[in-house]
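Commentary on secondary and tertiary structure
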Amino acid sequence: MKLEEQIQQRSENKCELCESVESLRLYEVPPVNGSTADNTIMICSKCEAQLEKKEELDSKHWLCLSGSMWSEVPAVQIVSWRMLNRLRNESWAIDNLDMMYLDDELLAWAKSTGDHENDTTIDFHKDANGNILQTGDSVVLTRSLDVKGSTLNAKMGTVVKNIRIVEDNTDQIEGKVEGQLIVILTKYVRKQS
């Protein structure tokens, strides 16, 4: 039986974390030395986005860990432990961590990525309306901006396509206006839908 079929059967075609039945895919729990049924789980797109830190953590969504942490599947236990640690500012997550037991081998695996040391605060580049910005997005300027060191004035309503996020500063993005690459403050843009 193929790995995907094994995991579909084991998970009953549900996310092994939250039991959602929509947008499912296989997820290899890092670090991976090859996919096996023990290190691969079935998860939904919402769980994956939050696991991969592409979306802000929704602590209400993760209340499901109170059940999934008891799974007999090692990879589900590992992900549950890591996420409970990321949510350790929530009293229910601390309570679950206190009850959860991982043997030495599983605990070493769980700690191997260092993900458990990160908390829920992930800084995202957000526009003036709080929408998350990503490289490649298009934005609209919400006010006219004078570009320092240049005579360029970027007018309100200007569309800036294919932006790049500034990795070490969530308040800034880069984009081209009239052929010139400029740095723009995220509070002065709105994501174009």
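Heads up: these notes are all about the structure in this document.

Thresholds, definitions, all that
Residues numbered from 1 in each chain as written. Predicted model: local features only at pLDDT ≥ 70, side-chain atom pairs only at ≥ 80, totals over all residues. Heavy atoms only, no water. Pairing = 2+ DSSP bridges. Helix = DSSP H or I, 4+ residues; strand = E, 2+ residues; numbered from the N terminus. Disulfide = S-S within 2.5 Å. Buried < 20%, exposed > 50% of the residue type's maximum accessible area, 1.4 Å probe, protein only. Contact = heavy atoms within 4.5 Å. Axes fitted to C-alpha atoms, helices over the stretch in contact; angles between N-to-C directions. Parallel < 35°, antiparallel > 145°, perpendicular 65-115°, else oblique. Left-handed = near helix turned anticlockwise from the far one by under 90°. Nonpolar A, V, L, I, M, F, W, Y, C, P; charged D, E, K, R; others polar. Phe/Tyr/Trp six-rings, centres within 6.5 Å; stacked < 30°, edge-to-face > 60°. Lys NZ or Arg CZ within 6 Å of the ring centre and 35° of its normal. Arc of directions from axis to C-beta. Polar contact = N/O pair within 3.5 Å; in protein donor to acceptor, adjacent residues only side chain to side chain.

**Points about the sheet that holds strand S3 (residues 139-141)**
- In space, the 3 strands of this open sheet follow the order S6-S3-S10, with antiparallel pairing throughout. Looking at which strands have only one partner, the edges of the open sheet turn out to be strand S6 (159-160) and strand S10 (189-191).
- Where S3 lies against S10, 3 bridges are found, and the strand directions are antiparallel. Paired with Val 139 across the strands is Lys 191, a residue of S10.

**Points about the sheet that holds strand S7 (residues 164-165)**
- With antiparallel pairing, the 3 strands of this open sheet are ordered in space as S7-S8-S9. Strands at the two margins of the open sheet, each flanked by one partner only, are S7 and strand S9 (180-185).
- Examined bridge by bridge, strand S8 (residues 172-177) and S9 share 6 bridges and lie antiparallel to one another. In the strand pairing of S9, Ile 173 is matched with Ile 184.

**Quick look at the state of the cysteines**
- Here the structure, examined in full by the defined rule, presents 0 disulfides.
- Take Cys 15: it sits in no disulfide, and the sulfur closest to it among the cysteines is that of Cys 18, at 3.7 Å.
- Cys 15 sits in the buried class, given a relative accessible area of 2%.
- A disulfide-free cysteine, Cys 44 has its sulfur positioned 3.6 Å from the sulfur of Cys 18, the nearest such atom.

**So, the side chain of Asn 96**
- As for its placement among the helices and strands, Asn 96 is situated in helix H5 (residues 91-99).
- Setting aside its immediate chain neighbours within four residues, Asn 96 contacts Ser 66, Met 69 and Leu 84.

**Comments concerning unusual backbone geometry**
- The residue after Pro 30, namely Pro 31, is reached through a cis peptide bond having omega -10°.
- Here Pro 31 shows up in the loop between strand S1 (24-28) and strand S2 (40-44).
- Look at Asn 13: it is not a glycine, yet its phi comes out positive at around 55°.
- Mapped onto the elements, Asn 13 comes out in the loop between helix H1 (3-11) and S1.
- When its relative accessible area of 42% is taken as the criterion, Asn 13 is described as partly exposed.

**Re the packing of helix H4 (residues 74-86) against helix H6 (residues 104-111)**
- Two elements in contact, H4 and H6, have axes whose closest approach is 9 Å; the angle formed by their N-to-C orientations is 55°. By the criterion of interaxial angle, the relationship of H4 to H6 is oblique. The two elements H4 and H6 meet at a crossing, and its hand is right-handed. Every residue of H6 that contacts H4 at Pro 74, Ala 75, Gln 77, Ile 78, Trp 81 and Arg 82 is listed here: Leu 106, Leu 107, Trp 109, Ala 110 and Lys 111.
- Taken together, the residues that form the contact of H4 with H6 break down as 8 nonpolar, 1 polar and 2 charged.

**Concerning the packing of aromatic side chains**
- For the structure on display, the rule yields 0 aromatic pairs.
- Its guanidinium or amino end placed over the ring of Tyr 188, Arg 143 lies 4.5 Å from that ring's centre, counting from NZ or CZ.

**Description of H6**
- Turning to H6, its buried residues number three or more, namely Leu 106, Trp 109 and Ala 110. The arc that holds the buried residues of H6, viewed along the axis, is 100°, so those residues lie on one side. Across from the buried face of H6, at angles greater than 90 degrees, the exposed residues are Asp 104 and Glu 105.
- On its buried face, H6 is in contact with H4.
- Sitting at the head of H6, Asp 103 places a side-chain oxygen 3.1 Å from the backbone nitrogen of Glu 105.

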